[in-house]
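Residues per chain are reported as follows:
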Amino acid sequence: MENSVFQNLIHAYHENKLAHAFLLETNDKEKCYHNILEFLKRINCPTTYQDGCKECNLCHLIDTQSLPSIITIYPDGQNIRKEQILDLKKAFQTKPTFSKYNVYIIMGAEFLNSASANTMLKFLEEPEDAILGFFLTNNKENVIETIKSRCQVLLDYYQEPAFIVSDELKEQAISYLQEVLFVKDEALLYNKDVLVSFLKERKDVILFFQVLLDIYQNYYLASYQKVAIKEEYRDLQVLLKKGPEYLLKQLNLVAQIIDELNYNLNISLVLDRFVLESW
Ligand SMILES: [Zn+2]
């Protein structure tokens, strides 16, 4: 396994020093998830493990996510609900039969609200030897303190140029939103040409919307469960006054736009839709 984060985990495992819960901040949840499964295969595989073991039944079950002792939890709508954690607790009352640990993987730790996070505390405060937890997030600052303070925090970043947002683009996204929020001459802003003027390539367009997504997500979570606003986004405080409903609507719209851009729809049409539905 090349990934150094997981190499360290394997090392810790062999040293018998593995923590029982990890908060993984990553720019690619899918890759990170894949590496967690590889890690679990590596520590569980009964044969001599090789990358991509297809030989044994256990690795196969892990690959196909059909091992009952590994449970992945996704947000249900805008939250991970308390009931989902209660179900997890119930499932983990029995010790794992085939694998070394009962493992839960939370896809989007920022979606744990105080009710579900408090329900998690049993796992986090009374760590049982046979339970391992992974909390994935794209920004640990958005994760509720109850969880963050009880996990070992790891940064799992993948170098893909397509995912690296330049400071310049970040500033452009911020000043675009500032203009939209402060400038009264809306006619100008309805015009997608404003966007097109600095977004030359599809890649830039997608990155620009990823910044918007991050901003709206940060403000939504701030208005909703009081997470801190990132330093770099503080000039947009006026967004807080718009309230969680507005922010959630914008968040969903931007997520849809990114999807459409990834599906190669015509950029110009997608931008038209964005400016039309946005304001
Ligand atoms: Zn195997």
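Colleague: If you had to explain the domain arrangement of the chain to someone new, which residues and values would you point to?
Modeller: With domains assigned, the chain is organised as domain 1 (4-158) and domain 2 (162-278). Using only C-alpha atoms to locate each centre, domain 1 and domain 2 end up separated by 31 Å. In this complex, domain 1 contributes 11 residues to the contact, which on the side of domain 2 involves 12 residues. Between domain 1 and domain 2, a total of about 930 Å² is buried, with carbon and sulfur atoms accounting for 42% of that surface. The interface formed by domain 1 and domain 2 holds 0 salt bridges in total. Our count for the domain 1 to domain 2 interface comes out at 1 residue pair in polar contact (both at pLDDT 80 or more). Residues that form the side of domain 1 that touches domain 2 fall into these classes: 2 nonpolar, 7 polar and 2 charged.

Colleague: Would you mind going over the pattern of salt bridges in detail, with residue names and values included?
Modeller: Following the criterion strictly, the structure yields 15 salt bridges and no others. A salt bridge links K17 to E15, with the shortest nitrogen-to-oxygen separation between them at 3.8 Å. Using a relative accessible area of 62% as the deciding quantity, one classes K17 as exposed. With relative accessibility at 43%, the residue E15 sits in the partly exposed group. The salt bridge partner of E141 is K140, with a shortest N-O separation of 3.3 Å. Owing to a relative accessible area of 40%, E141 belongs among the partly exposed residues under this scheme.

Colleague: For the pairing of strand 3 (residues 102-107), give the residues involved together with the corresponding values.
Modeller: For a regular strand, side-chain orientation follows a simple rule: the groups alternate between the two sheet faces. Burial of strand 3 is extensive: 6 of the 6 residues sit out of reach of the surface. Burial of the side chains of strand 3 extends over both faces: N102, Y104 and I106 are buried on one face and V103, I105 and M107 on the other. Sheet topology places strand 2 (residues 70-73) next to strand 3; 4 bridges connect them, and they run parallel. Across the sheet, T72 pairs through a bridge with I105, a residue of strand 3. Handedness of the β-α-β unit built from strand 2, helix 4 (residues 82-91) and strand 3 comes out right-handed. Handedness of the crossover joining strand 3 and strand 4 (residues 131-137) through helix 5 (residues 114-125) is recorded here as right-handed.

Reading guide: rules and limits
- Residues numbered from 1 in each chain as written.
- Predicted model: local features only at pLDDT ≥ 70, side-chain atom pairs only at ≥ 80, totals over all residues.
- Heavy atoms only, no water.
- Domains from an automatic or database assignment.
- Contact = heavy atoms within 4.5 Å.
- Buried area = accessible area lost by both parts, 1.4 Å probe.
- Salt bridge = Lys/Arg side-chain N within 4 Å of Asp/Glu carboxyl O.
- Polar contact = N/O pair within 3.5 Å; in protein donor to acceptor, adjacent residues only side chain to side chain.
- Nonpolar A, V, L, I, M, F, W, Y, C, P; charged D, E, K, R; others polar.
- Buried < 20%, exposed > 50% of the residue type's maximum accessible area, 1.4 Å probe, protein only.
- Helix = DSSP H or I, 4+ residues; strand = E, 2+ residues; numbered from the N terminus.
- Pairing = 2+ DSSP bridges.
- Right-handed = clockwise from strand over helix to strand, strands pointing away.

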